[in-house]
Structure formats: structure tokens, C-alpha cells
Amino acid sequence: MKRTVLFAVIICTIFFCKLENIQADVYKNGLITVKHEKLPVKRDGHRIQLNHPYKLTGDFVTKVLSDIYYKEKGLLKRKETLKVFQDEEIKKLVPLIVQAFSVATPLQVISVTSYSYRMILSDKKNYCILFIADHSLNIAFGRIHMFQTFNDIMSKKKKYLTTRENPAKKRRSSFWKLIPSAGQRLEPGHENWLIIDLSK
């Protein structure tokens, strides 16, 4: 009898652990992570109503990510406009983002942590959140090409997966600013938040 009860407890524990992992909705490809986050996103002091779930096509997401540019700030800045996401990075991100949007709830944004590889044992970290509101895709960045060594990534990997940073609360960075492409605009008062109209 005791063995039967113990077996039942073990089965229930395994079931609920799997259920919890499903509800966590974390999508990964190597060190690239796309997941759902319950972050409050506000405009003019009022919480934004999110239009989730939402069906996006892979071609659309690819074009959006390919058209995101920024400029560096500071004494050592490069003068040219730079791409945020690299081609190989985009290929990995697109299916994860499409899947995440298709099952997101109206209380969840899509958070993205990715890495643009630059040289041996180091790369650059990008972190942003995506959400849809008022027939527009919104992308707010917290980090763009933040230098990371391989040891930094591996030692802090768990921390990145549980970060609660909210880029929508950020207005600007001391190191970069986004440069809108055709069909994009900045959220008023923000240098880190792009808006793309979905109705066009």
C-alpha cells in the first residue's frame, strides 16, 4: 500500500513539473532564448492592452529584425549606422518569436535574449521585449551589443533566463540609440522603443 502511494506521489510530481515547464513557454536555440514575461507595459501612466495571441509570418518577422539599426554614442563611437541583429541570429530567432506570439496571453510580452558573435570567446548581447498593441508591433530594447565574454555568458546563464528587466521603462542608453527605418517610428520620449504599424 505504501509503495502504491509513493509511486502515485512520484507520478504526480513528474506530471506537475512537466506542466510547469509547458506553462513557462521558454523557447531556445543554443544561447538564444525567447520566452513569455508578465511585465507591465505602460504608456502615459496607463497599462497598455496587448493584442495577444497574434499570428505573425516568418517573412514579416525576418524583415522587421533585418531592418533594425542603431548608432553608437560616446567618444569611441563608430559613425556608421549598424545592424542590431546578424543574419544567423535572425534565422534562429524568427521561428521562436512566431511560436511565442501564437500562444501568448494578453498579459504576456515576448522577451528575447540573443547574442551576435564577434570574435573568439566573446560576443555581443541583445535584450528586448516585443508586444502587439493598437495594431502595431512594439520592440523595446534594454541592451544592444553589450560585450560579453564566453565565461560571462556561461556563469550568468541562469540569471539571464530569469531576468526581470523591463525595457519599456527605459528611455535611452548612454551607448546607443535606435535609428528608425522606413515603416518604423520611435515611441515618443524613447530612443530604445520602435513601433511598426501592422495595418499597412
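Conventions adopted
- Residues numbered from 1 in each chain as written.
- Predicted model: local features only at pLDDT ≥ 70, side-chain atom pairs only at ≥ 80, totals over all residues.
- Heavy atoms only, no water.
- 1 Å grid on protein atoms, 1.4 Å probe; cavity = no way out; pocket = protein on both sides within 12 Å on 5 of 7 lines; lining within 4 Å.
- Points joined across faces, edges and corners; volume = space filled by probe spheres on them.
- Helix = DSSP H or I, 4+ residues; strand = E, 2+ residues; numbered from the N terminus.
- Axes fitted to C-alpha atoms, helices over the stretch in contact; angles between N-to-C directions.
- Parallel < 35°, antiparallel > 145°, perpendicular 65-115°, else oblique.
- Left-handed = near helix turned anticlockwise from the far one by under 90°.
- Contact = heavy atoms within 4.5 Å.
- Nonpolar A, V, L, I, M, F, W, Y, C, P; charged D, E, K, R; others polar.
- Pairing = 2+ DSSP bridges.
- pLDDT = per-residue confidence, 0-100.
- Salt bridge = Lys/Arg side-chain N within 4 Å of Asp/Glu carboxyl O.
- Buried < 20%, exposed > 50% of the residue type's maximum accessible area, 1.4 Å probe, protein only.
- Core = buried A, V, L, I, M, F, W, Y, C linked by side-chain atoms within 4.5 Å.
- Polar contact = N/O pair within 3.5 Å; in protein donor to acceptor, adjacent residues only side chain to side chain.

Caption draft 1: Spotlight on empty space enclosed by the protein. Under the criterion given, the structure shown has two cavities of 30 Å³ or more. Looking at the second largest cavity, its volume works out to about 40 Å³. The wall of the second largest cavity is formed by Leu56, Val61, Val64, Leu65, Ile97, Phe101, Leu130 and Leu137. Counting residues per element, the ones that place at least two in the lining of the second largest cavity are α2 (58-66) and α3 (87-103). A per-element tally of the lining of the second largest cavity places α2 first, with three residues.

Caption draft 2: Molecular detail of the packing of α2 against α3. Following both chains from N to C, one finds α2 and α3 inclined at 130°, their axes separated by 9 Å at the closest point. The orientation of α2 with respect to α3, classified from their angle, is oblique. Here α2 runs over α3; the crossing is right-handed. Across from Gly58, Val61, Thr62, Leu65 and Ser66 in α2, the residues of α3 making contact are Ile90, Leu93, Val94, Ile97 and Val98. Class assignment of the residues belonging to the contact of α2 with α3 gives a composition of seven nonpolar, three polar and no charged.

Caption draft 3: Geometry of the pairing of strand β1 (residues 26-29). With four bridges joining them, β1 and strand β2 (residues 32-37) adopt antiparallel strand pairing. Residue asparagine 29 lies in a different strand from β2, and its bridge partner there is isoleucine 32. From the end of β1 to the start of β2, which pair antiparallel, there are two residues, and glycine 30 there has a positive phi angle of about 65°.

Caption draft 4: Local environment of the sheet that holds strand β5 (residues 69-72). The antiparallel open sheet is built from three strands, whose spatial order is β6-β5-β10. The open sheet has two free edges, formed respectively by β6 (82-83) and β10 (176-179), since each of these has just one partner strand.

Caption draft 5: Summary view of the confidence of the model for the protein. Confidence in the prediction of the protein, expressed as mean pLDDT, is 82, and 76% of residues score 70 or more. A low-confidence stretch, residues 5-23 (pLDDT under 50), is modelled with zero contacts involving residues beyond four sequence positions or located in other chains. Low pLDDT, under 50, characterises residues 148-156; the stretch is placed with 14 contacts to residues that sit more than four places away or in other chains.

Caption draft 6: Summary view of the pattern of salt bridges. Under the counting rule described, the total for this entry stands at nine salt bridges. Measuring nitrogen to oxygen at the nearest pair gives 2.7 Å for the salt bridge that ties lysine 73 to glutamate 191. Here lysine 73, found in the loop between β5 and β6, pairs with glutamate 191, found in the loop between β11 (184-186) and β12 (193-197); they are 118 residues apart in sequence, far enough to count as distant. Accessibility expressed as a relative area gives 22% for glutamate 191, which makes it partly exposed.

Caption draft 7: View of the nonpolar core. Counting 34 residues, the largest nonpolar core has Ile68 and Phe141 as the members making the most contacts within it. Secondary structure elements with two or more residues in this core: β2, α2, α3, β7 (109-119), β8 (122-133), β9 (136-149), β10 and β12. Ranked by residues supplied to this core, first place goes to α3 with seven residues. Setting aside residues up to four positions removed in sequence, isoleucine 68 forms contacts with Leu82, Lys83, Val84, Phe85, Ile139, Phe141, Leu178, Gln184 and Leu194. Counting 13 residues, the second largest nonpolar core, distinct from the first, contains Leu50, Ile129, Ala168 and Ile195.

Caption draft 8: Seen up close, the environment of tryptophan 176. Looking at the element boundaries, tryptophan 176 is found in strand β10. As for tryptophan 176 and lysine 77, which are separated by 99 residues in sequence, their C-alpha atoms are 8.9 Å apart. What tryptophan 176 contacts, discounting residues up to four positions off in sequence, is Tyr70, Lys71, Glu72, Lys73, Phe141, Gly142, Arg143, Ile144, Lys170, Glu191 and Asn192. A polar side-chain atom of tryptophan 176 sits 3.2 Å from a polar atom in the side chain of serine 173.

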